[in-house]
Amino acid sequence: MRVACLQLSSGDRVEANLAVVSALLDEAAAKGAKLALLPEMFAFFHPDDDRKRHFAEVLARQVVLPFLADQARRHALTLIGGSLLLPGEGELLRNTCVVFSADGEQVALYDKIHLFDGDLPDRSYHESARIQPGSQPVVLDLEDWLVGLSICYDLRFPELYRHYAALGAQLLCIPSAFTVPTGQAHWELLLRARAVENQAYVLAAAQIGRHPGGRETFGHSMIVDPWGLVVAQATNQRATEGEVVLADIDLQRVHQVRKQLPALTHRRLY
Ligand SMILES: NC(=O)CC(=O)C(=O)O
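Residues numbered from 1 in each chain as written. Predicted model: local features only at pLDDT ≥ 70, side-chain atom pairs only at ≥ 80, totals over all residues. Heavy atoms only, no water.

(A) Representation of a nonpolar patch on the surface in the model. Taken together, the side chains of W227, L229, V231 and L261 present a nonpolar region at the surface, about 370 Å² in accessible area. Among the secondary structure elements, L261 is positioned in the segment after α5 (251-260). Of the residues examined, L261 reaches a relative accessible area of 45% and is grouped as partly exposed. (Patch = residues over 30% accessible without salt bridge, like charges linked within 9 Å, V, L, I, M, F, W, Y side chains within 5 Å. Areas by Shrake-Rupley, 256 points an atom, 1.4 Å probe, with all protein chains shown as cover. Salt bridge = Lys/Arg side-chain N within 4 Å of Asp/Glu carboxyl O. Helix = DSSP H or I, 4+ residues; strand = E, 2+ residues; numbered from the N terminus. Buried < 20%, exposed > 50% of the residue type's maximum accessible area, 1.4 Å probe, protein only.)

Written out as structure tokens, the structure is:
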């Protein structure tokens, strides 16, 4: 199966962001992709709380979800909508990945479980102030593939991916908006670790560049195979117009790695 990670530099103009997604999906589909992953916050990237709420309550449902359904149907591909804001309980919002099948049906929804709080070299992050954490891991059944869903900071919690591997997942999706300092130090290391320890493909679509409000993201979208090899990655780290990262993933490769080194069957509980 040919898969695509879309790398974007999203801003606060929803129509403009969706136009970039649309152009990149045209390219991915023309090159044969049957599954496409968008990054975290692909449709709206802005720190203002009122604008976030308006996006979650109005634009997400009226504009973005119908757009994703239409794009999936038009290109006949599974579209994993990285993440977008949706209303949560009370004043809170959710950071949610919504998945559409190739006939445009919504088939899965995952709320980011681990929220990103920290005082980092570039700035402080306090995602839990506004976002309601999810509590449910979600796997997606995609023909022969079982796909584990997650979002960005979840990457740092190996137990989530081990849970997916134990359910039989062979493909792990990690749409992201990693910071530059943590990206430089940890991004590739963590993605390859999750692939190696779970003997699964990892798809990581990332935000890149400077966003409204001054936040910067690391880019380096990549696809990692079950042996931990980076099989494709974004080449133009300055690209603000977006980029498609493509690779062919193969279930036989998963079976081969798991047969050669059956580490997943050697687990011991203590
Ligand atoms: N942006 C995130 O959710 C996480 C991140 O940048 C990191 O873990 O580092």
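(B) Spatial organisation of the packing of helix α3 (residues 158-167) against helix α4 (residues 180-198). Where α3 contacts α4, the axes come no closer than 10 Å and their chain directions differ by 35°. Handedness of the α3/α4 crossing: right-handed. Packed against α3, whose contacting residues are P158, Y161, R162 and A165, the element α4 presents R194, E197 and N198 at the interface. Each residue belonging to the contact of α3 with α4 can be placed in one class, and the counts come to 3 nonpolar, 1 polar and 3 charged. (Axes fitted to C-alpha atoms, helices over the stretch in contact; angles between N-to-C directions. Left-handed = near helix turned anticlockwise from the far one by under 90°. Contact = heavy atoms within 4.5 Å. Nonpolar A, V, L, I, M, F, W, Y, C, P; charged D, E, K, R; others polar.)

(C) Quick look at the sheet that holds strand β4 (residues 93-100). Judged by pairing direction, the sheet is mixed, and its 6 strands sit side by side in the order β5-β4-β3-β2-β1-β16 without closing on themselves. On the outer flanks of this sheet lie β5 (106-111) and β16 (243-248), each paired with one strand and no other. Pairs of neighbouring strands in the sheet enclose a mean axial angle of 25°, with direction left out of account. Two strands pair when backbone bridges link them, and strand β2 (residues 35-37) and strand β3 (residues 78-87) are joined in this way by 3 bridges, in the parallel orientation. Across the sheet, A36 pairs through a bridge with L79, a residue of β3. (Pairing = 2+ DSSP bridges.)

(D) Main features of the packing of aromatic side chains. Applying the stated rule across the entire model yields 7 aromatic pairs. Seen in terms of ring centroids, F116 and Y125 are 4.8 Å apart; in terms of plane orientation they differ by 35°. Their pairing is tilted. For the pair F116 and Y125, a shared accessibility class is recorded, and that class is buried. With 5.9 Å between their ring centres and 65° between their planes, W145 and Y201 make a pair best called edge-to-face. (Phe/Tyr/Trp six-rings, centres within 6.5 Å; stacked < 30°, edge-to-face > 60°.)

(E) Seen up close, the sheet that holds strand β14 (residues 222-224). Strand order in this open sheet of 6 strands is β8-β9-β10-β11-β14-β15, and the pairing throughout is mixed. Taken across any chain shown, the strands that pair with only one partner, and hence form the sheet edges, are β8 (139-142) and β15 (230-233). Here the average twist between neighbouring strands, direction ignored, is 20°. Pairing geometry for β14 and β15, over 3 bridges, is antiparallel.

(F) View of the layout of surface pockets. Roughly 590 Å³ of volume is contained in the largest pocket. Lining the largest pocket we find 24 residues, and of these P47, K52, Y125, E127 and R215 sit closest to its centre. Taken together, the elements giving at least two residues each to the lining of the largest pocket come down to α2 (49-75) and β7 (124-126). At 3 residues, the largest contribution of residues to the lining of the largest pocket is made by β7. (1 Å grid on protein atoms, 1.4 Å probe; cavity = no way out; pocket = protein on both sides within 12 Å on 5 of 7 lines; lining within 4 Å. Points joined across faces, edges and corners; volume = space filled by probe spheres on them.)

(G) Expanded view of unusual backbone geometry. If you check the backbone angles, E143 has positive phi at about 50° while not being a glycine. Along the polypeptide, E143 turns up in the loop between β8 and β9 (145-149). Given the relative accessible area of 78%, E143 is considered exposed.

(H) A look at the nonpolar core. One finds I80 and L149 to be the most contacted residues of the largest nonpolar core, which totals 50 residues. Beyond its immediate stretch of four places on either side in the chain, I80 contacts L35, A36, L37, L38, C97, V98, V99, L140, V147, L149 and C173. Core analysis: the second largest hydrophobic core is formed by 38 residues, L6, A33, F45 and L77 among them. (Core = buried A, V, L, I, M, F, W, Y, C linked by side-chain atoms within 4.5 Å.)

(I) Structural context of the confidence of the model for the protein. When pLDDT is averaged across the protein, the result is 97; 100% of the residues are at 70 or more. Scored as a complex, the prediction yields pTM 0.97 and ipTM 0.98. (pLDDT = per-residue confidence, 0-100.)

(J) Broad picture of the environment of A200. For A200, the location among the structural elements is in the loop between α4 and β11 (201-204). Taking C-alpha positions, A200 is 8.4 Å from V224, a pair spaced 24 residues apart along the chain. Contact partners of A200, with chain neighbours within four places excluded, come to A169, Q170, L171, L172, A195, V224, D225, P226 and R258.

(K) Quick look at the pattern of salt bridges. Per the stated rule, a full pass over the model turns up 14 salt bridges. Across the salt bridge formed by D49 and R130, the nearest N and O atoms sit 2.6 Å from each other. Of this pair, D49 sits in helix α2 while R130 sits in the loop between β7 and β8, and the two are 81 residues apart along the sequence. Using a relative accessible area of 38% as the deciding quantity, one classes R130 as partly exposed. The shortest N-O distance in the salt bridge between E216 and R210 comes to 3.1 Å. A single network of salt bridges, built from pairs that share partners, joins E40, K112 and E127.

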